[in-house]
Amino acid sequence: MRRLSIQLIAGLIALLPLAIAPSVAYAQRPGRGDKATDKNDKDKVDDKKKTDEQFDLSLAVGETKTINVGDVKQYSEGTPGIADFRPTPDGTKFIVVGLKSGSTSLLLIKNNGTQVNWVINVFSRSPELVERELNQLLDGYTGLKVRRVGNRLFIEGGVATDGDQDRIRQIADLYKGQVESLVTVGSGATDRKINIRIDLFFIQYNRTSGYTFGLSWPRSIGGPAISTAFSYDFVAGVGAAQAALVNQPLPGLDIAAQNGWAKVLRQATIITTNGSQATFNNGGELNFPVTSGLVAGIEKVTFGTNVKVLPRYDPTSRNIEVQVDTDVSDLTPPTGTSFPGLQTSKLSTLVFLKLGQSIVISGIRSRSQRHDISGLPLLSQIPVLGVFFGSHNDAKEEIEGAVVVVPSVVEASSKGSADILKEALKQYEDYSGDMDDVNSFEKTAPTEPGTPAAEVK
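Because the structure is a prediction, the values reported are computed rather than measured.

**Thoughts on the sheet that holds strand β2 (residues 64-68)**
Strand-to-strand pairing in sheets goes through backbone hydrogen bonds, with the strands running parallel or antiparallel.
Then, number 1: If you trace the three strands from one edge of the open sheet to the other, you get β2-β5-β4, paired in antiparallel fashion. Unpaired on one side and paired on the other, β2 and β4 (83-87) mark the two borders of the sheet. Pairs of neighbouring strands in the sheet enclose a mean axial angle of 25 degrees, with direction left out of account.
Then, number 2: Pairing analysis gives five bridges linking β4 to strand β5 (residues 93-98), with the strands arranged antiparallel. Within β5, the residue paired with aspartate 84 across the bridge is valine 97.

**Let's talk about helix α3 (residues 127-137)**
Then, number 1: Among the residues making up α3, those that are buried are Pro127, Val130, Glu133 and Leu134. What you see down the axis of α3 is that its buried residues fit within an arc of 120 degrees, all on one side.
Then, number 2: In this structure, the buried residues of α3 make contact with β1 (53-60), β7 (115-123), β8 (144-149), β9 (152-159), α4 (162-173) and β10 (179-181).

**Quick look at the nonpolar core**
Buried together is how nonpolar side chains tend to be arranged in soluble globular proteins.
Then, number 1: Leu200 and Val309 are the most contacted members of the largest nonpolar core, which totals 23 residues.
Then, number 2: Looking at this core, the elements with two or more residues in it are β12 (195-216), β15 (252-273), β17 (295-314), β18 (319-332), β19 (341-354) and β21 (390-409).
Then, number 3: Each residue touching leucine 200, except ones within four places of it in the same chain, is listed here: Arg266, Gln267, Ala268, Val307, Val309, Val324, Thr326, Val404 and Val405.

**Remarks on the side chain of glutamine 165**
Then, number 1: Of note, glutamine 165 is situated in helix α4.
Then, number 2: Judged by its relative accessible area of 12%, glutamine 165 is buried.
Then, number 3: Residues in contact with glutamine 165, not counting those within four places in the same chain, are Val159, Val183, Thr184 and Val185.

**Concerning α4**
Then, number 1: With twelve residues, α4 extends 17 Å from end C-alpha to end C-alpha; this agrees with the ideal 16 Å at 1.5 Å per step.
Then, number 2: Summarising the contacts, the buried residues of α4 are in contact with α3, β8, β9, β10 and β11 (184-185).

**Overview of unusual backbone geometry**
Then, number 1: For leucine 378, which is not glycine, the phi dihedral falls at a positive 65 degrees.
Then, number 2: Turning to its location among the elements, leucine 378 is positioned in the loop between β20 (359-375) and β21.
Then, number 3: Relative accessible area serves as the criterion here: at 68%, leucine 378 is assigned to the exposed category.

**A look at the sheet that holds β19**
Then, number 1: One open sheet accounts for four strands, arranged β16-β17-β18-β19; its pairing is antiparallel. In this open sheet, the two strands that pair with only one neighbour each are β16 (278-292) and β19. Between one strand axis and the next, the sheet turns through 15 degrees on average, direction left out of account.
Then, number 2: Note: β17 against β18, eleven bridges, orientation antiparallel. Bridge pairing in β18 places asparagine 306 opposite aspartate 327.

**A word on the pairing of β21**
Then, number 1: Of the pairings in the sheet, the one linking β12 to β21 comprises 19 bridges and is antiparallel in character. Within the sheet, the bridge partner assigned to isoleucine 203 lies in β21 and is alanine 402.
Then, number 2: Bridge analysis of β20 against β21 gives 16 bridges, and the strand direction is antiparallel. For isoleucine 364, the partnering residue across the bridge sits in β21 and is glycine 401.

**Considering the environment of histidine 392**
Then, number 1: Inspection of the secondary structure puts histidine 392 in strand β21.
Then, number 2: Measuring from C-alpha to C-alpha, the distance between histidine 392 and serine 374 comes to 6.7 Å, with 18 residues separating the pair along the chain.
Then, number 3: Residues contacting histidine 392, with those up to four places away along its chain left out, are Tyr211, Thr212, Phe213, His371, Asp372, Ile373, Ser380, Gly386 and Val387.

**Digging into the environment of valine 290**
Then, number 1: Inspection of the secondary structure puts valine 290 in strand β16.
Then, number 2: On the accessibility criterion, valine 290 (30% relative accessible area) is partly exposed.
Then, number 3: With residues up to four places along the chain from it excluded, the contact list for valine 290 reads Val295, Ala296, Gly297, Glu299 and Phe339.

**Considering a nonpolar patch on the surface**
Then, number 1: Residues Leu379, Ile382, Val384, Leu385 and Phe388 make up a contiguous nonpolar surface patch of about 480 Å² in total accessible area.
Then, number 2: Looking at the secondary structure, you find phenylalanine 388 in the loop between β20 and β21.

**Concerning the pattern of salt bridges**
Then, number 1: Tallied over the full model, the rule gives ten salt bridges.
Then, number 2: The salt bridge involving arginine 148 is made with glutamate 128; its shortest N-O contact spans 3.3 Å. One end of the pair, arginine 148, is in strand β8; the other, glutamate 128, is in helix α3, with 20 residues separating them in the sequence.
Then, number 3: Classification of glutamate 128 by relative accessible area gives partly exposed; the value is 35%.
Then, number 4: What emerges from the salt-bridge pattern is a single network uniting Arg365, Arg367, Glu398 and Glu400.

**What about the environment of leucine 137?**
Then, number 1: Relative to the helices and strands, leucine 137 resides in helix α3.
Then, number 2: For leucine 137, a relative accessible area of 33% gives the class partly exposed.
Then, number 3: Each C-alpha atom of the pair leucine 137 and isoleucine 168 lies 9.1 Å from the other, and the pair is 31 residues apart in sequence.

**Focus: the confidence of the model for the protein**
Then, number 1: Of the residues in the protein, 74% have a pLDDT of 70 or more, and the chain-wide mean is 75.
Then, number 2: Taken element by element, the predicted model of the protein shows its lowest mean pLDDT in helix α1 (residues 2-20) (46) and its highest in β5 (90).
Then, number 3: Taken together, the stretch residues 12-37 has pLDDT below 50 and engages in one contact with residues farther than four places along the chain or on a different chain.
Then, number 4: Taken together, the stretch residues 449-457 has pLDDT below 50 and engages in 16 contacts with residues farther than four places along the chain or on a different chain.

**Focus on the side chain of glutamine 204**
Then, number 1: Locating glutamine 204 in the fold gives a position in strand β12.
Then, number 2: When neighbours within four sequence positions are excluded, glutamine 204 is seen to be in contact with Ala262, Lys263, Val264, Gln343, Ser345, Ile399, Glu400 and Gly401.

Reading the values: the criteria
Residues numbered from 1 in each chain as written. Predicted model: local features only at pLDDT ≥ 70, side-chain atom pairs only at ≥ 80, totals over all residues. Heavy atoms only, no water. Pairing = 2+ DSSP bridges. Helix = DSSP H or I, 4+ residues; strand = E, 2+ residues; numbered from the N terminus. Axes fitted to C-alpha atoms, helices over the stretch in contact; angles between N-to-C directions. Buried < 20%, exposed > 50% of the residue type's maximum accessible area, 1.4 Å probe, protein only. Arc of directions from axis to C-beta. Contact = heavy atoms within 4.5 Å. Core = buried A, V, L, I, M, F, W, Y, C linked by side-chain atoms within 4.5 Å. Expected span 1.5 Å × (residues − 1). Patch = residues over 30% accessible without salt bridge, like charges linked within 9 Å, V, L, I, M, F, W, Y side chains within 5 Å. Areas by Shrake-Rupley, 256 points an atom, 1.4 Å probe, with all protein chains shown as cover. Salt bridge = Lys/Arg side-chain N within 4 Å of Asp/Glu carboxyl O. pLDDT = per-residue confidence, 0-100.

Written out as structure tokens, the structure is:
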């Protein structure tokens, strides 16, 4: 007994240093045991992924579809009354029947413990059928596209008028909860990554002719017909008198004739992205002093070319819709005043055509004739002999013009930006007055293969 007590005391003395030593945490070098731990963690992540599986199913009211479920232990339905779920006798599939519009879910718990969640969306019409119907209803509208996001359909793009926008909204309202319209008026396109080039050609011809022949008689006889002036030099003692006879009743002979013609050609080239409006202004302004009593001012006369274009291009059908607004004004020689005249042409239209085709969007032809007789009453109107008692004025003018538009898609240039700039600066340095040698931009409008190109000569 005494020996046992001595051994117990010796053991306690041996354990005393461990009891009073500070606690130290030791890091163990990874080994096989840690690999097993990592594998267990990975298995847990895989099991978590299995439990997070989710699928979507869309069907119409009254439509029947099947889903593969495998070995299912039990299942739970979400919102009741939206769809009817019937398992097959072998338990590997579920028959789903749409009952009314809405959303519900089906939770499947398998024998191995994994869970699969099915989100069931029931619509009054099948999304595939609705998408086909929308494409048929929107046929003819350029720049519109039906985009499907999940189980919803969106109509995107832009139209030209408020009436078109209202019609698109009415179409979307036919499928409430399923279709939404995002269509805007004006700018807006389904694909803005495409650059569109619009070439506008303004062509106008003008021809004038006229003559004046006969005797021009004064409008009045008598009155202050004689004017006198008297002066006297007191140094030299010499006086001077002057008399002048004016407004004498003598006719003048008119034998003038004029003939002339003019032609105007303008080309405006505008590049913009698909569905974006572009504006081009080119012209000038003349200022003329105007005096009214004691007040003096400046009268401005503006002229030039103002163009606004809005293209909408559909890459699928290669159809393009172009909205054009133009205002072209040219100066004409002054007639009777010091101010020049203005010859203006305004156009606002919407055209539809294939890519690369050209179309005349405006044309005008006018012919005018004016005949005036001034002279002695009655006598000047006598046929043939009337020219001896009056002056006959006759003027004719013929105008014909057209506006041609050519749309095209801009392809990437093979030249680098440095080469394009270098060529433009070289043309600027070499210019010496010959416009035929100037080619600051490509004047040939691109067209479809097999069709002639439109070019300014």
